[in-house]
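Summary of the model geometry
Residue strings, one per chain:
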Amino acid sequence: MYRVRLLGLDIFRPQNLETEAIAADNLPCWMLDTDYNGMVFMARQVFFPKTSAWENLERSLRGRFAEGVWEHLAGTESEPFAAGPKRQVAIKVIDERGNELMVVKTLSE
């Protein structure tokens, strides 16, 4: 079984040639495709670490959810998963500006 732990995101700012590091728990959303085929990203696990967004999410979904649900969804570590036939995962992060950034990793034996 495998797990993915999101450590954060580094963003390069071309206007001042500096890199900004954003901690994982300060990112609005990250998603995991546990068997990425190289063409189509399928979000199999989705997380919302930046907890200030929860009220907006509840309002948008028009519902109230148990605290345990939010605790799980706020994670920076995925649920355990088995390697799929493609043996690679894709991690997509959405930053504050709505930009989607993705990295693909091959799972070792």
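Residues numbered from 1 in each chain as written. Predicted model: local features only at pLDDT ≥ 70, side-chain atom pairs only at ≥ 80, totals over all residues. Heavy atoms only, no water.

Structural notes on the overall build of the protein chain
Helices and strands together make up the secondary structure of the protein chain, namely two helices and six strands. Each helix and strand of the protein chain, ordered N terminal to C terminal, gives the series β-β-β-β-α-α-β-β. Each principal axis of the C-alpha distribution contributes one length, and for the protein chain these read about 40 × 40 × 20 Å. Residues counted as buried form 33% of the 109 residues belonging to the protein chain. Taking the intrachain contacts of the protein chain between residues at least 6 apart in sequence as the baseline, contacts between residues at least 24 apart amount to 54%. Of the roughly 7,300 Å² of accessible surface on the protein chain, 51% is carried by carbon and sulfur atoms. Of the charged side chains in the protein chain, 13 are positive and 16 negative; the average position of the first set lies 4 Å away from that of the second. (Helix = DSSP H or I, 4+ residues; strand = E, 2+ residues; numbered from the N terminus. Buried < 20%, exposed > 50% of the residue type's maximum accessible area, 1.4 Å probe, protein only. Contact = heavy atoms within 4.5 Å. Areas by Shrake-Rupley, 256 points an atom, 1.4 Å probe, with all protein chains shown as cover. Lys, Arg positive; Asp, Glu negative; His and termini not counted. Charge placed at Lys NZ, Arg CZ, Asp CG, Glu CD.)

Thoughts on the confidence of the model for the protein chain
Overall, the predicted model of the protein chain reaches an average pLDDT of 87, with 91% of residues at or above 70. Taken element by element, the protein chain is modelled with least confidence in helix H1 (residues 54-61), mean pLDDT 71, and with most confidence in strand E5 (residues 88-94), mean pLDDT 95. (pLDDT = per-residue confidence, 0-100.)

Side note on the nonpolar core
In this structure, Leu6, Trp30, Leu32, Ile91 and Val93 are the most contacted members of the largest nonpolar core, which totals 15 residues. Sorting the residues of this core by element identifies strand E1 (8-13), strand E3 (29-33) and E5 as the ones contributing at least two each. Element by element, the count of residues in this core is highest for E5, at three residues. (Core = buried A, V, L, I, M, F, W, Y, C linked by side-chain atoms within 4.5 Å.)

Brief notes about unusual backbone geometry
Look at leucine 17: it is not a glycine, yet its phi comes out positive at around 55 degrees. Mapped onto the secondary structure, leucine 17 falls in the loop between E1 and strand E2 (18-23). Phi angles above zero are rare outside glycine, and arginine 87 is one such case at about 55 degrees. Of note, arginine 87 is situated in the loop between helix H2 (67-73) and E5.

Details of the layout of surface pockets
Looking at the largest pocket, its volume works out to about 280 Å³. Of all the secondary structure elements, the ones that give two or more residues to the lining of the largest pocket are E1, E5 and strand E6 (100-106). No other element matches E6, which puts four residues into the lining of the largest pocket. (1 Å grid on protein atoms, 1.4 Å probe; cavity = no way out; pocket = protein on both sides within 12 Å on 5 of 7 lines; lining within 4 Å. Points joined across faces, edges and corners; volume = space filled by probe spheres on them.)

Re the sheet that holds E5
Pairing is antiparallel in the open sheet, where four strands are placed in the order E4-E3-E5-E6. Edge positions in the open sheet fall to strand E4 (45-47) and E6, since each of these has one partner strand only. Within this sheet the neighbouring strands show an average axis-to-axis angle of 15 degrees, counted without direction. As paired strands, E5 and E6 are joined by seven bridges and run antiparallel to one another. The residue of E6 that forms the bridge with isoleucine 91 is valine 103. (Pairing = 2+ DSSP bridges. Axes fitted to C-alpha atoms, helices over the stretch in contact; angles between N-to-C directions.)

Here we look at the environment of glutamine 88
Tracing the sequence through the fold places glutamine 88 in strand E5. As for glutamine 88 and cysteine 29, which are separated by 59 residues in sequence, their C-alpha atoms are 21 Å apart. Aside from chain neighbours lying at most four places away, what touches glutamine 88 is Asp33, Thr34, Asp35, Tyr36, Asn37, Gly38, Val104, Lys105, Thr106 and Leu107.

Quick word on the pairing of E5
Extensive coverage of E5 is indicated by the burial of six of its seven residues. Pairing between E3 and E5: five bridges, direction antiparallel. Bridge assignment links tryptophan 30 to a residue of E5, and that residue is valine 93. Hairpin connection of E5 to E6: five residues between the antiparallel strands, including glycine 98 at a positive phi of 90 degrees.

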